Amino acid sequence: MHFGQTSGSAGRSTVRKSTWGQLSRTHAILIMGRVVFAFSLLLASVFTAHAAGRVALVLTAEDYQKLPKSNIGTKRGAEIAEALKARGFEVIVSPNPTNATARASLRDFAAKAEGADLAVVVLIGHGVAWGGQTFFLATNTELGRATDLLSRALSTTNIVQIVARAQTGGVFFFLTSPSFESAIEGLDARPQFAGDVPKNAVTTFSSSARIPVSRIDAAGEQAAEALTKLLQQPSPSLSEAVKAASNGSMGAVFGRVDEISLAKPAPAPVAQSVASTSPQAVPVVQKTEEAEGRLEAERRAREQAEARARDEQLRAERAQAEVLKAQAEAKKAQADVERAQADAEKAKQEAKRVEAQAQIAAAQAEGLRHASVATPVTASIEDAQLGQKQRRLIQQRLRDLGLYTGPLDAIMGPLTREAIMGYQRSRNAAVTGYLTPEQFDALLPKEMQ
């Protein structure tokens, strides 16, 4: 019985030891699992940081719809893109992009540039400067005024802010000079950069004020070729790329970066992924969500700014249309006034003519009345009795007496008749408008006839 009790106590003691041992092993396994998970997260973090690596965007505009063709071409852009790929870059290539396509490619690039080791943008095509910014013109760019650049072109000032999201960034713009059908006030063919330059990014233009406008296209082509050859070298550097893209300091460079090799990096170690739902993964997810949220906010802000610019442009165009309409209406009103004044003057002249005819008719009637009641007089001379020379001499004599104001045309019309009546009044004779032989001889002596 005692043995049995002793055996039972020993059995319970053995069970307790066995259970404690199992708990200890389970706890150790859990601790080891956490250590392995933490180490896997560390490897995943290192792998993710390396996976960001190098990214590039190459936009090449050659065949323009409303502007002359750029002489550098998409072939050169494809060569630079291939050279960057050989250097380990993940490259987005967009040949002959429209404004919408270029902006979409830039948004994709912005997402990849976030946290990357090195981000590079290569622009090849027409460029103009306005308001301290230099703009890349897409193939469907059509400008009526300088403000159209805000919604119809890409600003290098904004692009360099995007590449600055990487640890190091660079923008290389190989410009060609466009020509417009009509001059646009405020545009400059030479690059400008008046904004803040990020500390970790550099912007390089193939031309500057030191290069004549007539040489901008040739300078852009020369710089693009120099960069292509440099990227084909074994171990080029970022500073060498800047020097090549700026035509050996003849172009314009804004900002500076530390010396970085563009040689292809060694392959990164592959980390074994460990699936887990542990709260340890939350900070990585949060960081990704924060980056995406920031990109989305920037995209919305950019779209809102573009929408505001379009609204301002529409308002300006409507205001201009209203001004042109008002000017057209004012011109029409002025033409109506001038036409009314001309009609009034014409009516006034017509009234004077009618009044003169009425006076002549009244005078003739008065003369006939006097002739009918007065003492009979000698018959008047008929027009058929007078020659052309005599009729012209009568008009001349009446003009000399200040009675006739018409032309010396030998036509015995209303003006001549009125002058004869005036002559008859001056002699207190019957006013008929026709000369009697005596009046004819008095008016024209024999020697004048």
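Residues numbered from 1 in each chain as written. Predicted model: local features only at pLDDT ≥ 70, side-chain atom pairs only at ≥ 80, totals over all residues. Heavy atoms only, no water.

Section: the overall build of the protein chain
Helix and strand content of the protein chain: 11 helices and eight strands. In the protein chain, which comprises 449 residues, the share counted as buried stands at 35%. For the protein chain, the share of sequence-separated contacts (at least 6 apart) that also reach a separation of at least 24 residues comes to 73%. (Helix = DSSP H or I, 4+ residues; strand = E, 2+ residues; numbered from the N terminus. Buried < 20%, exposed > 50% of the residue type's maximum accessible area, 1.4 Å probe, protein only. Contact = heavy atoms within 4.5 Å.)

Looking at the nonpolar core
Most often, soluble globular proteins keep nonpolar side chains buried together rather than apart. Ranked by size, the top nonpolar core spans 40 residues in total, and within it Phe 109, Val 121, Leu 123 and Val 163 carry the most contacts. Those elements that place two or more of their residues in this core are strand E1 (54–60), helix H3 (99–113), strand E3 (118–130), strand E4 (133–137), strand E5 (153–155), helix H5 (156–163), strand E6 (168–176) and strand E7 (201–205). With five residues, H3 is the single largest residue contributor to this core. Not counting residues within four places of it along the chain, the set of residues in contact with Val 163 comprises Phe 109, Ala 119, Val 121, Thr 168, Gly 169, Gly 170, Val 171 and Ala 201. Counting residues in each nonpolar core, the second largest holds 28 residues, with Ile 72, Phe 174, Leu 231 and Ala 245 among its members. (Core = buried A, V, L, I, M, F, W, Y, C linked by side-chain atoms within 4.5 Å.)

Re the environment of Glu 418
Its location among the elements puts Glu 418 in helix H10 (residues 414–426). Residue Glu 418 is classed as partly exposed on the basis of its relative accessible area of 33%.

So, the confidence of the model for the protein chain
Taken over all residues, the pLDDT of the protein chain has a mean of 82, while the share at 70 or more is 79%. When the criterion is pLDDT under 50, residues 35–51 qualifies, and its contacts beyond four places in sequence or with other chains add up to 14 contacts. Below pLDDT 50 for its whole length, residues 371–378 participates in four contacts with residues either more than four positions away or in separate chains. (pLDDT = per-residue confidence, 0-100.)

A closer look at the side chain of Asn 99
Relative to the assigned elements, Asn 99 resides in helix H3. Those residues within four positions of Asn 99 in sequence are excluded, and the remaining contacts are Ala 138, Asn 140, Ser 151, Arg 152, Ala 153 and Leu 154.

With respect to the layout of surface pockets
Any empty space left between the atoms is revealed when a probe the size of a water molecule rolls over them. Estimates place the volume of the second largest pocket at around 350 Å³. Lining of the second largest pocket is provided by 19 residues; of these, Arg 103, Ser 155, Asn 158, Arg 302 and Glu 306 occupy positions nearest its centre. Taken together, the elements giving at least two residues each to the lining of the second largest pocket come down to H3, E4, helix H4 (149–152), E5, H5 and helix H8 (282–373). Ranked by residues supplied to the lining of the second largest pocket, first place goes to H8 with five residues. Class assignment of the residues belonging to the lining of the second largest pocket gives a composition of nine nonpolar, four polar and six charged. (1 Å grid on protein atoms, 1.4 Å probe; cavity = no way out; pocket = protein on both sides within 12 Å on 5 of 7 lines; lining within 4 Å. Points joined across faces, edges and corners; volume = space filled by probe spheres on them. Nonpolar A, V, L, I, M, F, W, Y, C, P; charged D, E, K, R; others polar.)

Observations concerning unusual backbone geometry
The phi torsion at Ser 249 lies on the positive side, around 80°, for a residue other than glycine. Structurally, Ser 249 can be placed in the loop between helix H7 (238–245) and strand E8 (252–254). We note that Asn 428 has phi near 55°; this positive angle belongs to a residue other than glycine.

Concerning the packing of helix H2 (residues 74–86) against helix H6 (residues 216–231)
Contact pair H2 / H6: the axes reach a minimum separation of 9 Å and the direction vectors enclose 25°. Comparing their axes, H6 and H2 come out roughly parallel. Regarding H2 and H6, the two cross each other, and that crossing is left-handed. Facing H2, whose interface residues are Arg 76, Glu 79, Ile 80, Ala 83 and Leu 84, H6 presents Ala 224, Glu 225, Leu 227, Thr 228 and Leu 231. For the contact of H2 with H6, the residue count by class is six nonpolar, one polar and three charged. (Axes fitted to C-alpha atoms, helices over the stretch in contact; angles between N-to-C directions. Parallel < 35°, antiparallel > 145°, perpendicular 65-115°, else oblique. Left-handed = near helix turned anticlockwise from the far one by under 90°.)

Here we look at empty space enclosed by the protein
Applying the stated criterion to the full structure yields two cavities of 30 Å³ or more. Roughly 70 Å³ of volume is contained in the largest cavity. Lining the largest cavity, in full, are Leu 84, Phe 89, Val 120, Val 122, Phe 172, Leu 227, Leu 231, Leu 238, Ala 241 and Leu 262. At the level of elements, E3, H6 and H7 are the ones that each hand at least two residues to the lining of the largest cavity. Along the lines of polarity and charge, the residues of the lining of the largest cavity split into 10 nonpolar, no polar and no charged.

A closer look at the pairing of E4
Taken across its five residues, E4 has four buried, putting it largely inside the fold. In terms of strand pairing, E3 meets E4 through four bridges, oriented antiparallel. Residue pairing across strands places Val 128 opposite Phe 135, the latter belonging to E4. The antiparallel hairpin formed by E3 and E4 contains two residues in its connecting segment, where Gly 131 sits at a positive phi of about 60°. Bridge count between E4 and E5: three bridges; the pairing is antiparallel. Bridged to Phe 135 within E5 is Ser 155. (Pairing = 2+ DSSP bridges.)

A word on the pattern of salt bridges
Taken as a whole and assessed by the stated rule, the structure comprises 18 salt bridges. With a closest N to O distance of 3.9 Å, Lys 69 and Asp 63 form a salt bridge. Put simply, Arg 299 and Glu 296 hold a salt bridge, and the shortest N to O gap is 2.2 Å. Pair noted here: Arg 299 and Glu 296 are both in helix H8, with a separation of three residues, about one helical turn. With a relative accessible area of 23%, Arg 299 lands in the partly exposed category. The class for Glu 296 is partly exposed, based on a relative accessible area of 29%. Connected through salt bridges with shared partners, the residues Glu 296, Arg 299, Arg 300 and Glu 303 form a single ionic network. (Salt bridge = Lys/Arg side-chain N within 4 Å of Asp/Glu carboxyl O.)

Looking at the packing of aromatic side chains
Evaluation of the coordinates by the stated rule reveals four aromatic pairs. Judged by centre distance (6.0 Å) and plane angle (80°), the rings of Phe 205 and Phe 254 are edge-to-face. One end of the pair, Phe 205, is in strand E7; the other, Phe 254, is in strand E8, and 49 residues separate them in sequence. On the basis of relative accessible area, Phe 205 is assigned to the buried category, the value being 0%. Taking relative accessible area as the criterion, Phe 254 reaches 22% and is therefore assigned partly exposed. (Phe/Tyr/Trp six-rings, centres within 6.5 Å; stacked < 30°, edge-to-face > 60°.)

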